[in-house]
Amino acid sequence: ICVVRGRDDAAARQRLVESFGAGLSEHFGALAERRLRVLAGDTAAPRLGLTVRVWDELADSVDQIVHAAALVNHVLPYAQLFDPNVAGTAELIRLALTGRRKRFNYVSTVAVAMLPDRSFVEEAADIRRAIAVRSLDDGYANGYATSKWAAEVLLREAHDLCGLPVAVFRPDMILAHRRCPGQLNVPDRFTRLLLSVLATGLAPGSFYALDQHGHRQRAHYSGLPVDFTARAIASLGQQASEGYATYHSLNAHDDGIGLDQFVDWLIERGHPITRIPDYQQWRSRFEIALRTLPERQRKHSMLPLLHAVAEPAKPAAPVPTECFQAAVRSAGIGDVPQLSAELIEKYVADLRLLGLLDAGVAG
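Since this is a predicted model, take the numbers as computed values, not measurements.

About the criteria used
- Residues numbered from 1 in each chain as written.
- Predicted model: local features only at pLDDT ≥ 70, side-chain atom pairs only at ≥ 80, totals over all residues.
- Heavy atoms only, no water.
- Helix = DSSP H or I, 4+ residues; strand = E, 2+ residues; numbered from the N terminus.
- Contact = heavy atoms within 4.5 Å.
- Phe/Tyr/Trp six-rings, centres within 6.5 Å; stacked < 30°, edge-to-face > 60°.
- Buried < 20%, exposed > 50% of the residue type's maximum accessible area, 1.4 Å probe, protein only.
- 1 Å grid on protein atoms, 1.4 Å probe; cavity = no way out; pocket = protein on both sides within 12 Å on 5 of 7 lines; lining within 4 Å.
- Points joined across faces, edges and corners; volume = space filled by probe spheres on them.
- Nonpolar A, V, L, I, M, F, W, Y, C, P; charged D, E, K, R; others polar.
- Axes fitted to C-alpha atoms, helices over the stretch in contact; angles between N-to-C directions.
- Parallel < 35°, antiparallel > 145°, perpendicular 65-115°, else oblique.

Caption draft 1: Representation of the environment of Ile-273 within the structure. In this fold, Ile-273 is placed in the loop between helix 9 (259-268) and strand 10 (274-276). With 196 residues separating them along the chain, Ile-273 and Pro-77 place their C-alpha atoms 35 Å apart. Among all residues touching Ile-273, those that are not within four sequence positions of it are Val-197, Leu-198, Gly-201, Leu-202, Ala-203, Val-263, Leu-266 and Ile-267.

Caption draft 2: Up close: the packing of aromatic side chains. Enumeration over the complete set of coordinates arrives at twelve aromatic pairs. Aromatic side chains Phe-228 and Phe-324 sit 6.5 Å apart centroid to centroid with 90 degrees between the ring planes, which places their arrangement in the edge-to-face category. Of this pair, Phe-228 sits in helix 8 (residues 226-238) while Phe-324 sits in helix 12 (residues 322-330), and the two are 96 residues apart along the sequence. The two residues Phe-228 and Phe-324 agree in class, both being buried. Where Phe-262 meets Trp-265, the ring centres are 5.8 Å apart and the plane angle is 35 degrees; that geometry is what we call tilted. With Phe-262 and Trp-265 both in helix 9, this residue pair falls three residues apart, about one helical turn.

Caption draft 3: Main features of unusual backbone geometry. Positive phi, normally seen in glycine, also occurs at Leu-48, with a value near 60 degrees. The class of Leu-48 is buried, set by a relative accessible area of 3%. Positive phi outside glycine occurs at Arg-118, with the angle close to 75 degrees. The residue Arg-118 is located in the loop between strand 4 (103-107) and helix 5 (127-130) in this model.

Caption draft 4: Inspection of empty space enclosed by the protein at higher detail. One pass over the full model with this rule turns up one cavity of 30 Å³ or more. Its volume calculated, the largest cavity comes out at about 60 Å³. Forming the boundary of the largest cavity are Phe-190, Leu-193, Leu-194, Val-197, Phe-207, Leu-259, Phe-262 and Val-263. Those elements giving two or more residues to the lining of the largest cavity turn out to be helix 7 (189-200) and helix 9. Per element, the largest residue contribution to the lining of the largest cavity is four residues, and it comes from helix 7. Partitioned by chemical class, the residues of the lining of the largest cavity number eight nonpolar, no polar and no charged.

Caption draft 5: Local environment of the packing of helix 7 against helix 10 (residues 279-291). Put simply, helix 7 and helix 10 touch, their axes get as near as 10 Å, and they point 85 degrees apart. With respect to helix 10, the axis of helix 7 lies roughly perpendicular. Where helix 7 abuts helix 10, its residues Leu-193, Ser-196, Val-197 and Thr-200 lie against Phe-286, Ala-289 and Leu-290. The residue inventory of the contact of helix 7 with helix 10, partitioned by class, reads five nonpolar, two polar and no charged.

Shown next as structure tokens:
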């Protein structure tokens, strides 16, 4: 059973089917025909926007809730994200505790676990004590991360007070599917950045602050492909019949594979990208080039998020993932994958498939 925004159940189902794109919507429709029920609803509304009859039916029949719904916006402040992301979680907790008790799987974000010094709390730490207070400011994605933190606090309370079994998953960037064509998230920051670098042909000497000798620093990008992430959530969430578990569901390999390596791979594969050693010079030229792109590219580019690349990034501190790594091995999913040149090239193919890159941009 899937709750999707829409004017009615039929419109909600159609919206879900269309989200898979032409390449997969028919396959999805065939799989879902006899197995999936789609309900029009909204996490920001009381009872999720469902009728009392449907709400009561779900309360008595559902045995597991997978809460992946959120308003994902890294610009809006906490106040504007509260209803869908915090109050919506409270409504789902209410559903989980009404009628039969349900397993609750929550898709959060690793940003919840980041401390002011940019280190990260342990997976098993109680977020209410590890980060008892969060400051509201205009920092990048502060409102979004705070809304997910508040939702986790609610889930901890529900577990302690009512015995709600909970599994929390904290991914970093959820990247494109490794095999299915066109399955990537066009509006996310990673896709916007990759499209913008390819469309403008401009990249900095390094996306990260240089070391004291003016050399690149070793950096790591901890996103995971959506196919692995979804499989991990489905498998580990099914086992969460009691207790409270938190997983930093990201790729924590000490491999030095980060944004700079992605650009190296693109250049090696023939994409015409010029590196500009001075970061601020790149930033200035990059913005000018973005503003001259055709509308179809410009609206999906980094223009709305340029403040996020105003300065070179600092290589992130290692994120503890021991619980996640052990759990996926135990579940038979295999080891957490590393990112590869093939995945980055798949992004190029997907952007071309969606008409956002010309076929002749690179060899």
